[in-house]
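Residues per chain are reported as follows:
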Amino acid sequence: MSNSSLSSLPSIDRPEITSRLRDALLVASFTADGLLELLGAPAYAALARSETVPALRATRGDTPLEMLVRLFLLQQPVPHARVEGVLPVDACLKSGWLVRAGADEVAAAVDVRPYGGPGGEDWFIVSDLGCAVGGAGGIGSRDERVVLGVGGASTTLAGITVRTPVSAALDLGTGSGIQALHAAQHATRVTATDVNPRALHITALTLALSGAPGADLREGSLFEPVRDGETYDLIVSNPPFVISPGARLAYRDGGMGGDDLCRSLVQGAGERLREGGFAQFLANWQHVEGEDWQDRIRSWVPRGCDAWIVQREVQDVTQYAELWLRDAGDHRGDPAEYQARYDAWLDEFEARKVKAVGFGWITLRRTGTAVPSVTIEEWPHPVEQPLGETVRAHFDRLDFLRAHDDADLLEGHFRLGAEIVQEQVGLPGAEDPEHVVLRQHRGMRRATKVDTVGAGFAGVCDGTLSAGRILDAIAQLMGEDPVLLRDRTPAQIRLLVEQGFLDPA
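Visitor: Hey, could you run me through the overall build of the protein chain in this one?
Guide: Scanning the protein chain from terminus to terminus reveals 20 helices and 19 strands. For 505 residues, the compact-globule estimate of 2.2 N^0.38 gives 23 Å, and the C-alpha radius of gyration of the protein chain, at 26 Å, lies within 12% of that figure. For the C-alpha atoms alone, the extent of the protein chain along its principal axes is close to 90 × 55 × 50 Å. Relative to its full complement of 505 residues, the protein chain shows a buried share of 51%. The long-range fraction of contacts in the protein chain, counting pairs at least 24 apart against all pairs at least 6 apart in sequence, stands at 69%.

See below:
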């Protein structure tokens with residue numbers, strides 16, 4: 001990691017100073033909860049949109065917490081003498097956390113953002129100046145190897161990741177280290193890689209300042225740093241997935257044509273996963289003229305892996321280009337240069353016959369089954385994070401359904417999933433509803449239409465009676481042939497189990 005660009009960053013060789021800094025931040029309540037209490041919800045939310053004016057207005061006093069927010073989040077110089085009673089200033093200057101600003105002020109060398117862990121931990125995410133909150137904020141005009149802090153994509157991936165104890169986890173393209181920090185809580189060993197040596201240095205700072213175990217940090221692209229024979233129980237990556245003409249910005253542009261980087265990442269994960277292990281990614285994929293996008297993504301899934309792929313959003317090529325031009329701040333620069341870059345983006349898409357770009361989540365699980373299951377769906381609706389347990393349960397249900405034929409299902413016992421309600425839809429005053437909807441209020445928050453048999457069946461599933469006995473009772477109540485009802489209902493039971501409306505008892 002020897003690189004001249006690291007000279008502006010705090011030292012990773014002074015753990016005692018980092019520990020003292022952490023203690024001082026905690027004493028001053030420079031935490032996620034402390035920030036929310038100080039700033040209030042509107043100003044706190046504005047920070048996530050890269051809007052700092054409300055936070056500046058809320059930190060005009062001289063309390064220790066206000067000074068720390070101005071110093072580490074808002075990049076405002078503060079008087080040396082005033083902050084001396086809050087931080088170990090001289091030690092922080094010596095180790096590079098702070099720099100002198102004028103004769104009697106100090107400034108932060110990096111952004112430090114408080115971040116609340118899933119178990120109430122007080123963590124700190126280190127990033128380059130101006131990049132701790134929100135998006136890039138127009139960093140395209142600055143160093144292309146800048147390291148961003150926590151954004152919406154980072155928290156999305158952290159939320160969907162399966163959190164079970166594992167022996168080895170791999171974070172590909174670690175950036176500021178947020179995924180490695182999460183993994184360190186439930187993995188005995190964490191390996192974090194990045195093509196940018198600056199990102200690896202910042203990841204080490206994030207882990208140390210958060211009081212977390214260190215990680216094995218390796219420089220390189222994709223799976224290049226993974227040694228022969230190394231396998232993992234968990235692989236996560238929020239890669240530079242943006243489909244762009246060229247590789248101008250390391251934090252977002254992968255440097256491969258089209259969606260080849262995401263395809264390579266997914267295809268390469270299978271052989272690095274241990275049996276039963278998960279690989280979870282955020283990704284973009286092209287919607288190409290004359291090609292089904294689901295077929296495109298299905299071709300990425302490596303052999304021997306189950307997959308659950310969720311498309312969360314689709315943008316046409318103009319929306320997509322504008323999003324990432326704004327992300328880099330190009331819209332605030334020279335109009336002719338902005339137009340040229342916009343043209344280059346559309347030229348690239350036209351040459352590849354791309355009409356839109358999809359964004360979503362990809363989860364793989366290594367399985368020994370001869371016929372893996374690949375589920376691809378479009379789900380743009382709100383979900384309840386964290387979803388890690390929902391993801392794990394999805395694959396558990398796949399195993400159950402794969403091991404049970406229709407006769408087994410009729411012998412099985414089921415329970416209605418948590419917080420599921422029934423809605424009847426029809427004209428006001430009608431004797432019977434037009435259809436019945438089951439709706440989840442947790443996890444994926446799915447809704448599915450069922451017939452009266454399906455609704456009645458789900459309503460009495462409490463684990464005590466077998467599915468077959470419940471159907472026999474429904475047949476008697478409805479005057480139907482129980483044999484015919486047993487024949488046609490397993491498909492509906494299978495769907496309700498697959499989508500999480502019913503759980504095997």
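More follows now that the structure is in view.
Visitor: Explanation requested: the pattern of salt bridges in the structure shown.
Guide: Following the criterion strictly, the structure yields 30 salt bridges and no others. In this structure, Glu 230 and Arg 227 form a salt bridge, with 3.5 Å as the shortest nitrogen-oxygen distance. With relative accessibility at 49%, the residue Arg 227 sits in the partly exposed group. Note that Arg 442 is salt-bridged to Glu 419, the shortest N-O span being 3.2 Å. With Arg 442 in the loop between strand E16 (435-440) and strand E17 (447-450) and Glu 419 in the loop between strand E14 (413-416) and strand E15 (420-425), the pair connects residues that are 23 residues apart, well separated along the chain. Given the relative accessible area of 38%, Arg 442 is considered partly exposed. Salt bridges here are not isolated pairs; linked through shared partners, they connect Asp 216, Arg 218, Arg 227 and Glu 230.

Visitor: Before we go on, may I ask you to explain unusual backbone geometry in this structure?
Guide: The bulk of non-glycine residues show a negative phi, and the bulk of peptide bonds are trans. Across the junction of Gln 385 and Pro 386, the peptide omega takes the value 0 degrees, indicating a cis bond. Among the secondary structure elements, Pro 386 is positioned in the loop between strand E13 (374-378) and helix H15 (388-403). Phi is positive for Glu 419, which is not a glycine, with a value near 50 degrees. Overall, Glu 419 belongs to the partly exposed group, its relative accessible area being 45%.

Visitor: Can you walk me through the sheet that holds strand E1 (residues 78-79) in this structure?
Guide: Pairing between sheet strands relies on hydrogen bonds along the backbone, with the strands arranged either parallel or antiparallel. Overall, antiparallel pairing links the three strands, which are arranged E1-E3-E2 in an open sheet. Whereas interior strands pair on both sides, the edge strands pair on one side only; in this sheet they are E1 and strand E2 (98-101). Where E2 and strand E3 (residues 105-108) come together, four bridges link them in antiparallel fashion. Of the residues in E3, the one forming a bridge with Ala 101 is Glu 105. Across the sheet, helix H5 (residues 64-73) touches E1, E2 and E3, and the angle it forms with E3 is around 60 degrees.

Visitor: It is not clear to me how the side chain of Thr 448 should be interpreted in this structure. Could you clarify?
Guide: When you line up the elements, Thr 448 lands in strand E17. Residues contacting Thr 448, with those up to four places away along its chain left out, are Val 436, Val 437, Leu 438, Leu 496, Gln 499 and Phe 501.

Visitor: Can you walk me through helix H18 (residues 467-478) in this structure?
Guide: Each full turn of the α-helix corresponds to 3.6 residues, which orients residues three or four apart in the same direction. The first and last C-alpha atoms of H18 sit 16 Å apart over 12 residues, in line with the 16 Å expected at 1.5 Å per residue. Those residues of H18 that sit buried are Ala 467, Gly 468, Ile 470, Leu 471, Ile 474 and Ala 475. With its buried residues spanning 155 degrees around the axis, H18 presents them on a single face. Turned more than 90 degrees off the buried face of H18, the exposed positions are Arg 469, Gln 476 and Leu 477. Along its buried surface, H18 packs onto helix H16 (406-411), E14, helix H17 (452-459), strand E18 (462-466), helix H19 (482-488) and helix H20 (490-498).

Visitor: Please clarify how the sheet that holds strand E8 (residues 216-219) should be interpreted in this entry.
Guide: One open sheet accounts for eight strands, arranged E8-E7-E6-E9-E10-E12-E11-E13; its pairing is mixed. Looking at strand neighbours, the two that pair on one side only are E8 and E13, the edges of this open sheet. Here the average twist between neighbouring strands, direction ignored, is 20 degrees. Both strand E10 (residues 273-288) and strand E12 (residues 354-366) contribute to a ladder of 11 bridges, which runs antiparallel. When the bridges of E12 are listed, Leu 282 appears paired with Trp 361. Against the sheet, helix H10 (residues 197-209) engages strand E7 (187-194) and E8, with an angle of about 170 degrees to E8.

Visitor: Just to check I follow, could you spell out the environment of Ser 8 for this structure?
Guide: Assignment of secondary structure puts Ser 8 in the segment before helix H1 (15-27). We classify Ser 8 as partly exposed; its relative accessible area is 40%. Linking Ser 8 and Arg 198, residues 190 residues apart in sequence, is a C-alpha distance of 10.0 Å. With sequence-adjacent residues up to four places away left out, Ser 8 is seen in contact with Ala 109 and Arg 198. A polar contact is formed between the side chain of Ser 8 and the side chain of Arg 198, at a distance of 3.2 Å.

Quick notes on the rules
Residues numbered from 1 in each chain as written. Predicted model: local features only at pLDDT ≥ 70, side-chain atom pairs only at ≥ 80, totals over all residues. Heavy atoms only, no water. Helix = DSSP H or I, 4+ residues; strand = E, 2+ residues; numbered from the N terminus. Rg over C-alpha atoms; globule rule 2.2 N^0.38 Å. Buried < 20%, exposed > 50% of the residue type's maximum accessible area, 1.4 Å probe, protein only. Contact = heavy atoms within 4.5 Å. Salt bridge = Lys/Arg side-chain N within 4 Å of Asp/Glu carboxyl O. Pairing = 2+ DSSP bridges. Axes fitted to C-alpha atoms, helices over the stretch in contact; angles between N-to-C directions. Expected span 1.5 Å × (residues − 1). Arc of directions from axis to C-beta. Polar contact = N/O pair within 3.5 Å; in protein donor to acceptor, adjacent residues only side chain to side chain.

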